[in-house]
Amino acid sequence: MPENETILYRGASYEIGRGPGFYGIWPAGAPRPPSIEWWPETPEGWHGAWSRFTGLEAPGTIVPVSQRATSMASGSPRAVIAAALLAIGVACGIAGLFPSYLGGASLAQQPAELVPHAIYLAVWTASALLILAGGARLRVGALLGMGTSIVTFGFFFADAGTAVAGSAHMGAGLVLGLIGWLACAAGATMAFRLGPAAPLDRRRWPERGPAAVTAALAALAAIGAASAFAPSWDSYALRTSSGALPSVTAGNAFANPGLVIAGNVAVMVALVAVVAAAILWRPTRLGAVLLAGAIIPMAAQAVSALVLLGEAPSPAQFGISPAQAAQAGLTIRSGVTPAFWIYCAFVVVLAVACALMLIPRRRAALDAADAAPPAVSTVS
């Protein structure tokens, strides 16, 4: 193929691409003859060419041809560097599980805190491996890592804010965790920049039919999950030998120092923003990957709360010494508030929406084409 002609999408029998001042359709294979049909290099010309191309080819056979295959290939130096940054971040995160994190205790000593961090590290590890695999997997790995990095920023910021506010001493574990997050976020972002531009497509909003239902479902679930993230999740029923005491709730996102509140708000805003971006992303299946990256850390918070539910509450949480608790015959039963179950329901709905976005639609190929329409240049 001449250097001034580029194939953009390929089907079983034909290819669509661009040349100097035109979009054209060629028979698939080499050597390639001149284009059998062509359209002017305008937005209208592109959509006309694409309509003709999808009429000639079955949608399931059409795949994008990256114009930056060299950058996206396995073993690309920049891809290796991006994966290495993620690997360094994961290594720092693992190392940070064992020293003091906040207040002298390590994450490894606190199962409820260990579980979500282990989940984050697992996602970033998968992201690094996908990036190293190259090709289409590079894009998947980058979006997965970015989604997790964006949402978890608020969690790490809140932890750092706790230390800055003087509520707990910042240990080496937290420092390593922050370095790990930064390295993973940088690696995922670098890998994302290696791929072809596949930005948001606001022209297709609002969607119609099942896609519109899925988009609305995801948007409402994101707002609901963000709202249900703020109230108290933990509930404690206290009883002494003389009778039951009023129940106590804990965990309200706004009952904290200012920096911690800022971190919690950042989580809520990030979730809604990432879900909005995922809804508008093209191809839709890549938007689903970005959405999955955001859902996983939010689901990890629910798992953490359930793990905490299985631990015996300490009287020290309520300013009562063990001796005083024994003298009063104090027993404490832990539970969760309705807000927690509402939050879980919204996260499940988000997961369902993500799964629906991964299901190929009848016109998935048209969706893919609209994801990365070629830039139109002015032809004199």
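What counts and what doesn't
Residues numbered from 1 in each chain as written. Predicted model: local features only at pLDDT ≥ 70, side-chain atom pairs only at ≥ 80, totals over all residues. Heavy atoms only, no water. Phe/Tyr/Trp six-rings, centres within 6.5 Å; stacked < 30°, edge-to-face > 60°. Helix = DSSP H or I, 4+ residues; strand = E, 2+ residues; numbered from the N terminus. Buried < 20%, exposed > 50% of the residue type's maximum accessible area, 1.4 Å probe, protein only. Axes fitted to C-alpha atoms, helices over the stretch in contact; angles between N-to-C directions. Parallel < 35°, antiparallel > 145°, perpendicular 65-115°, else oblique. Left-handed = near helix turned anticlockwise from the far one by under 90°. Contact = heavy atoms within 4.5 Å. Nonpolar A, V, L, I, M, F, W, Y, C, P; charged D, E, K, R; others polar. Patch = residues over 30% accessible without salt bridge, like charges linked within 9 Å, V, L, I, M, F, W, Y side chains within 5 Å. Areas by Shrake-Rupley, 256 points an atom, 1.4 Å probe, with all protein chains shown as cover. Salt bridge = Lys/Arg side-chain N within 4 Å of Asp/Glu carboxyl O. Core = buried A, V, L, I, M, F, W, Y, C linked by side-chain atoms within 4.5 Å. pLDDT = per-residue confidence, 0-100. Pairing = 2+ DSSP bridges.

1. Here we look at the packing of aromatic side chains
- The full count for this structure, using the stated rule, is 19 aromatic pairs.
- Seen in terms of ring centroids, Y9 and W50 are 5.0 Å apart; in terms of plane orientation they differ by 70 degrees. Their pairing is edge-to-face. With Y9 in strand 1 (residues 6-10) and W50 in helix 1 (residues 43-56), the pair connects residues that are 41 residues apart, well separated along the chain.
- Of the residues examined, Y9 reaches a relative accessible area of 5% and is grouped as buried.
- Judged by relative accessible area, which is 2%, W50 ranks as buried.
- Measuring from ring centre to ring centre gives 6.4 Å for Y120 and F155, while their planes differ by 5 degrees; the resulting arrangement is stacked.

2. Here's the deal with the packing of helix 3 (residues 77-95) against helix 6 (residues 172-194)
- Running from N to C, helix 3 and helix 6 point in directions that differ by 160 degrees, and their axes come no closer than 7 Å. Comparing the axis directions of helix 3 and helix 6 gives the class roughly antiparallel. Considering the relative orientation of helix 3 and helix 6, their crossing is left-handed. Residues R78, A79, I81, A82, L85, L86, G89, V90, C92, G93 and A95 of helix 3 form the contact with helix 6, whose participating residues are L176, I179, G180, A183, C184, A186, G187, A188, M190, A191 and L194.
- Here the residues of the contact of helix 3 with helix 6 sort into 17 nonpolar, four polar and one charged.

3. Focus: a nonpolar patch on the surface
- A surface patch of nonpolar side chains, amounting to about 400 Å² of accessible area, comprises L217, V348, V352, L356 and I359.
- With three residues, helix 11 (residues 338-358) is the largest single contributor of residues to the nonpolar patch.
- Mapping V352 onto the fold places it in helix 11.

4. Quick look at the environment of C344
- You can see C344 is positioned in helix 11.
- For the pair formed by C344 and A225, sequence separation is 119 residues and the distance between their alpha carbons is 7.7 Å.

5. Some thoughts on the nonpolar core
- Ranked by size, the top nonpolar core spans 70 residues in total, and within it W124, Y343 and L350 carry the most contacts.
- The biggest single contributor to this core is helix 9 (residues 284-309), with 11 residues.
- W124 has contacts with L86, V90, G145, T148, S149, T152, F156, W181 and C184, leaving out every residue within four places of it along the chain.

6. Thoughts on the pattern of salt bridges
- Taken as a whole, this structure holds three salt bridges when the rule is applied.
- Taking the shortest distance from any N to any O, the salt bridge between R10 and E15 comes out at 2.5 Å.
- You can call R10 partly exposed: its relative accessible area is 30%.

7. Brief notes about the side chain of S127
- Here S127 lies in helix 4 (residues 111-133).
- Classification of S127 by relative accessible area gives buried; the value is 0%.
- Discounting chain neighbours no more than four positions away, the residues touching S127 are L86, G141, A142 and G145.

8. Remarks on the confidence of the model for the protein chain
- Summarising the model, the protein chain shows a mean pLDDT of 85, and 84% of its residues fall at 70 or more.
- Throughout residues 362-373 the model reports pLDDT below 50, and contacts reaching past four residues in sequence, or to other chains, amount to 29 contacts.
- Every residue in residues 375-380 scores below 50 in pLDDT, and together they form 11 contacts with partners more than four places removed in sequence or on other chains.

9. Description of the pairing of strand 1
- Both strand 1 and strand 2 (residues 14-19) contribute to a ladder of four bridges, which runs antiparallel. Within strand 2, the position partnered with T6 by the bridge is R18.
- Between the end of strand 1 and the start of strand 2, which pair antiparallel, lie three residues.
- Where strand 1 and strand 5 (residues 63-64) come together, two bridges link them in antiparallel fashion. Within the sheet, the bridge partner assigned to Y9 lies in strand 5 and is P64.

10. Details of the pairing of strand 3 (residues 22-27)
- Of all six residues in strand 3, five are buried; the element is thus mostly enclosed.
- Relative to strand 3, strand 2 runs antiparallel, the two being bridged by six bridges. Residue pairing in the sheet places G17 in a bridge with G24 of strand 3.
- Counted along the chain from strand 2 to the antiparallel partner strand 3, the turn is two residues long, and its residue G21 has a positive phi close to 85 degrees.
- Here strand 3 runs beside strand 4 (residues 37-40); their pairing, made up of four bridges, is antiparallel. Among the inter-strand pairings, G24 is bridged to a residue of strand 4, identified as W38.

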